[in-house]
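Residues per chain, in single letters:
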Amino acid sequence: MKTIHLAVYDGLADWEFGYVAAGVNDPAFQREPGRFRVRAVGAGPEPVTTAGGLRVVPDLVLADADPADSALLVLPGAEAWATGGLAEFGRAARRWVDAGVPVAGICGAVAGLAAEGLLDDRRHTGNAVEELGDYAGAGLFSADRAVRDRGVVTAGGASPLEFAREVFAELDLYPEEVLEAWYGLHRTGDPAWFGRLAAA
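Computed from a prediction, not measured in an experiment: that's the story for all the values here.

*Asks:* How should the packing of helix 4 (residues 160-171) against helix 5 (residues 176-188) be read in this particular structure?
*Replies:* Each pair of packed helices can be described by the angle between their axes along with the distance between the axes. At a closest axis distance of 11 Å, the pairing of helix 4 and helix 5 adopts a crossing angle of 170 degrees. For the element pair helix 4 / helix 5, the angle class is roughly antiparallel. Across the interface between the two elements, L161, E162, A164, R165, F168 and A169 of helix 4 pack against L179, W182, Y183, H186 and R187 of helix 5. Grouping the constituent residues of the contact of helix 4 with helix 5 by class yields seven nonpolar, one polar and three charged.

*Asks:* Looking at this model, I keep getting lost on the packing of helix 1 (residues 14-25) against helix 4. Mind explaining?
*Replies:* One can describe the packing of helix 1 onto helix 4 by two numbers: an axis separation of 8 Å at closest approach and a directional angle of 35 degrees. At the point where helix 1 passes helix 4, the crossing takes the right-handed sense. Taken together, the residues of helix 4 that come into contact with helix 1 (itself represented by W15, E16, Y19, V20, G23 and V24) are P160, L161, F163, A164, V167, F168 and L171. Residues belonging to the contact of helix 1 with helix 4 are distributed by class as follows: eleven nonpolar, one polar and one charged.

*Asks:* Explanation requested: the packing of aromatic side chains in the structure shown.
*Replies:* Two measures describe an aromatic ring pair: the distance that separates the ring centres and the angle between the ring planes. Summed over all chains, the structure comprises five aromatic pairs. Measuring from centroid to centroid gives 6.0 Å for Y9 and W81, while their planes differ by 90 degrees, and the two rings are edge-to-face. Of this pair, Y9 sits in the loop between strand 1 (2-7) and helix 1 while W81 sits in the loop between strand 6 (70-75) and helix 2 (87-98), and the two are 72 residues apart along the sequence. Considered together, Y9 and W81 belong to a single accessibility category, that of buried residues.

*Asks:* Explanation requested: the UniProt feature "domain: DJ-1/PfpI" (unreviewed entry) in the protein chain in the structure shown.
*Replies:* Mapped onto this numbering, the UniProt entry annotates "domain: DJ-1/PfpI" (unreviewed entry) at residues 3-168. Along residues 3-168 the backbone is 24% helical and 22% strand, and the end-to-end C-alpha distance reaches 14 Å.

*Asks:* I tried to follow the sheet that holds strand 5 (residues 60-61) on my own but got confused; where do I start?
*Replies:* To summarise the sheet geometry, strands pair through backbone hydrogen bonds and adopt either a parallel or an antiparallel arrangement. The strand order across the open sheet built from seven strands is 5-2-1-6-7-9-8, with neighbouring strands paired in mixed fashion. Looking at the sheet topology across the chains shown, the edges are occupied by strand 5 and strand 8 (146-149). Pairing geometry for strand 1 and strand 6, over four bridges, is parallel. Paired with I4 across the bridge in strand 6 is L72. In the packing of helix 1 onto the sheet, the strands contacted are strand 1, strand 2 (36-42), strand 6 and strand 7 (103-106), and the crossing angle to strand 2 comes to about 140 degrees. The strands touched by helix 2 within the sheet are strand 1, strand 2, strand 6, strand 7 and strand 9 (152-155), with strand 6 carrying the most contacts at an inclination of about 150 degrees.

Thresholds applied
Per-chain numbering applies: the sequence of each chain, read as written, is numbered from 1 onward. For this predicted model, a pLDDT threshold of at least 70 governs which residues receive local features, and a threshold of 80 or more governs which side-chain atom pairs are given and counted, while totals over whole chains, interfaces and linings are taken from all residues. No hydrogens and no water enter the side-chain calculation; it runs on all heavy atoms of the structure. Only C-alpha atoms enter the line fits that serve as axes; for helices the fit covers just the stretch in contact. Angles between N-to-C directions range over 0 to 180 degrees. Helix and strand definitions follow DSSP, with helices as H or I runs of at least four residues and strands as E runs of at least two, each counted in order from the N terminus. The cut-offs work like this: below 35 degrees is roughly parallel, past 145 is roughly antiparallel, 65 to 115 is roughly perpendicular, and the gaps in between are oblique. Pairs of residues are marked as contacts when any of their non-hydrogen atoms sit within 4.5 Å. Here the term charged refers only to Asp, Glu, Lys and Arg, the term nonpolar to Ala, Val, Leu, Ile, Met, Phe, Trp, Tyr, Cys and Pro, and the term polar to all other amino acids, Gly among them. With the far helix as reference, a near helix turned anticlockwise by less than a right angle produces a left-handed crossing, and one turned clockwise produces a right-handed crossing. Ring pairs shown here join Phe, Tyr and Trp side chains whose ring centres sit within 6.5 Å, with only the six-membered ring taken for Trp; geometry is labelled stacked below 30 degrees between planes, edge-to-face above 60, and tilted in between. Categorising residues by exposure relies on relative accessible area from a 1.4 Å probe, with only protein chains included: less than 20% of the type maximum marks a residue as buried, more than 50% marks it as exposed, and the intermediate range marks it as partly exposed. UniProt positions are given in the numbering used here, feature names are shortened, and annotations may be inferred rather than shown by experiment. By definition, two strands form a pair when at least two bridges between them are found by DSSP.

Structure, rendered in structure tokens:
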């Protein structure tokens, strides 16, 4: 079993990782149920408080998290990304990518990926290119809601569904037809997609 490391810190945006965590932990429709588990990783062992006011206790601390034991590092948004307060998680993303392990960042976390140079030569997206600071990859910024390029997934904060879709594709969590039906159902609410999901 491989671990999906979910970064947790004060102010993290609850809505940005919900589809990812729920999808990984629910074996229904998965290609190989039980391949992955989600573990919360914090800067320290202390509980953090999300933007929604929930208290989350990290399962492990960032210093003890090893890319070799990981299938993915997920970085949700939080206001602290804009002030550089989460730079250690940006540096962790560099460690993951250098080890050949994918990273997924959404909303403010995309700025952390840009600061580490991880977007200099990859297509990517985010809330707005202006939020990402002065970095070499600005010309590769896309208007797409979520982008996956060579082990790095990015999305804007208003696109948690598309973010999850690209994360699931990166992990090969579902067969292609299941992922298409899952996304169609959640995007439209049309029950016809559930029929396609069940058939797949």
